[in-house]
Amino acid sequence: ARNIVFGKIINSRTVLQRALRDHGGRDSDSDLARAATMLSRIAESVDGASLDETRGREGEAANCYFSVFNHLITVENPAFRFRTRSRRPPLDPVNALLSFVYTLLAHDVASALEGVGLDPAVGFLHRDRPGRPGLALDLMEEFRPCIADRLVLSLINRQQVHANGFTVTESGGVFMDDTTRKEVLVAYQKRKREEIMHPFINEKVSVGLLPHVQALLLARHLRGDLDGYPPFLWK
């Protein structure tokens, strides 16, 4: 659980640092820089933390990261302003996109875990609950910033999704129409075909195979072949 949370925090920091590098010179740069520094400090504090403390660090890091998430959206459209993370239901288009891509990612991670003989329902970081894929939610944490969040930001900033592709229900929930959902699915599949260098196995792999590689590394650790679980650290 500590290694997974450490990986998620470091990858969240990298998302902010990339934004500073790619879109520097904005008024929001100081906020992003402060948040990146704070994430570094939280990541360091995970070492040696108890399970409950680790969960607390993860929550603290998520609050820090999402407090500046709106600065990562460069398109000037009030419909895509991000205020805070909302789930069940998502209350704005950005949260609707995040929740949908997280669901796609969780499904891929669960399939990867099953493929290496691990039960997706038995987690370490997430408490076990009936019907919840705890281990899949664990393993996907390190992928949220670099795969899901970056994809959502790209879709918004490149104006591949539009405000009229979302509807608001009577309860206030925001949902995508079929055209927008298809656009997201196509972009997700395209992203999965991209290749990156895996920092631990030192080989080029497609983004779509990352869950399988991490599931395999986790299985090797649990079976005693690796001393620790090496989280995926995006560079």
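That block above? That's the structure.
Remember, predicted model here, so these are calculated numbers, not experimental data. (Residues numbered from 1 in each chain as written. Predicted model: local features only at pLDDT ≥ 70, side-chain atom pairs only at ≥ 80, totals over all residues. Heavy atoms only, no water.)

## Here we look at the overall build of the protein chain
Next up, step 1: Within the protein chain, the regular secondary structure consists of 8 helices and 4 strands.
Next up, step 2: Ordered by position in the sequence, the α and β elements of the protein chain form the string α-α-α-α-α-α-β-β-α-β-β-α.
Next up, step 3: For a compact globule of 235 residues, the expected C-alpha radius of gyration is about 18 Å, and the protein chain comes in at 18 Å, within 12% of that figure.
Next up, step 4: The buried share of the protein chain, reckoned over its 235 residues, is 51%.
Next up, step 5: Taking contacts inside the protein chain between residues at least 6 apart in sequence as the whole, the part at least 24 apart equals 61%.
Next up, step 6: Approximately 12000 Å² of the protein chain is accessible, and the part contributed by carbon and sulfur atoms is 49%.
Next up, step 7: Taken together, the 31 basic and 29 acidic charged side chains of the protein chain have centroids lying 2 Å from each other. (Helix = DSSP H or I, 4+ residues; strand = E, 2+ residues; numbered from the N terminus. Rg over C-alpha atoms; globule rule 2.2 N^0.38 Å. Buried < 20%, exposed > 50% of the residue type's maximum accessible area, 1.4 Å probe, protein only. Contact = heavy atoms within 4.5 Å. Areas by Shrake-Rupley, 256 points an atom, 1.4 Å probe, with all protein chains shown as cover. Lys, Arg positive; Asp, Glu negative; His and termini not counted. Charge placed at Lys NZ, Arg CZ, Asp CG, Glu CD.)

## Some details on helix α8 (residues 210-222)
Next up, step 1: Under the 1.5 Å per step criterion, the end-to-end length of α8 is 18 Å for 13 residues, consistent within 8% with the ideal 18 Å.
Next up, step 2: Against the buried residues of α8 lie α4 (93-115), α5 (134-140), α6 (144-157), β3 (195-197) and β4 (204-206).
Next up, step 3: In the segment just after α8, Gly224 is the residue with positive phi, at about 90°. (Expected span 1.5 Å × (residues − 1).)

## Observations regarding the side chain of Ser12
Next up, step 1: Within the secondary structure, Ser12 sits in helix α1 (residues 2-22).
Next up, step 2: Within polar-contact distance, the side chain of Ser12 engages the backbone oxygen of Lys8 at 2.9 Å.
Next up, step 3: Non-local contacts of Ser12, meaning those with residues more than four positions away in its chain, are made with Leu39, Tyr65 and Pro145. (Polar contact = N/O pair within 3.5 Å; in protein donor to acceptor, adjacent residues only side chain to side chain.)

## What about the environment of Phe6?
Next up, step 1: Checked against the element boundaries, Phe6 lands in helix α1.
Next up, step 2: Note: C-alpha distance between Phe6 and Ile42 (36 residues apart in sequence) is 8.7 Å.
Next up, step 3: Setting aside residues up to four positions removed in sequence, Phe6 forms contacts with Ala43 and Leu233.

## Some words on the pattern of salt bridges
Next up, step 1: Tallying each qualifying case throughout the model produces 10 salt bridges.
Next up, step 2: Residues Glu141 and Arg144 are paired through a salt bridge, measuring 3.1 Å at the closest nitrogen-oxygen approach.
Next up, step 3: For Arg144, a relative accessible area of 17% gives the class buried.
Next up, step 4: Here the salt bridges do not stand alone but share partners, grouping Lys8, Glu58, Glu141 and Arg144 into one network. (Salt bridge = Lys/Arg side-chain N within 4 Å of Asp/Glu carboxyl O.)

## Considering the packing of α4 against α6
Next up, step 1: Packing of α4 against α6 leaves a shortest axis separation of 10 Å and a crossing angle of 140°. In terms of their interaxial angle, α4 and α6 are classed as oblique. Crossing of α4 against α6: the hand is right-handed. Taking contact as the criterion, the partners of Val94, Leu97, Leu98, Val101, Tyr102 and Leu105 in α4 are, on α6, Arg144, Ala148, Asp149, Leu151, Val152 and Ile156.
Next up, step 2: Each residue belonging to the contact of α4 with α6 can be placed in one class, and the counts come to 10 nonpolar, no polar and 2 charged. (Axes fitted to C-alpha atoms, helices over the stretch in contact; angles between N-to-C directions. Parallel < 35°, antiparallel > 145°, perpendicular 65-115°, else oblique. Left-handed = near helix turned anticlockwise from the far one by under 90°. Nonpolar A, V, L, I, M, F, W, Y, C, P; charged D, E, K, R; others polar.)

## Observations concerning helix α3 (residues 51-67)
Next up, step 1: With 17 residues, α3 extends 24 Å from end C-alpha to end C-alpha; this agrees with the ideal 24 Å at 1.5 Å per step.
Next up, step 2: Within the span of α3, buried status applies to Thr54, Arg55, Glu58, Ala61, Ala62, Cys64, Tyr65 and Phe66.
Next up, step 3: At its buried positions, α3 is contacted by α1, α2 (29-46), α4 and α6.

## Some details on the packing of aromatic side chains
Next up, step 1: In total, this model carries 7 aromatic pairs according to the counting rule given.
Next up, step 2: With centroids separated by 5.1 Å and ring planes inclined at 65°, the aromatic side chains of Tyr65 and Phe66 adopt a geometry described as edge-to-face.
Next up, step 3: Accessibility expressed as a relative area gives 15% for Phe66, which makes it buried.
Next up, step 4: Pairing Tyr65 with Phe69 gives two aromatic rings, centres 5.8 Å apart and planes at 65°, and the pair type is edge-to-face.
Next up, step 5: Among the residues examined, Phe69 registers a relative accessible area of 0% and is labelled buried. (Phe/Tyr/Trp six-rings, centres within 6.5 Å; stacked < 30°, edge-to-face > 60°.)

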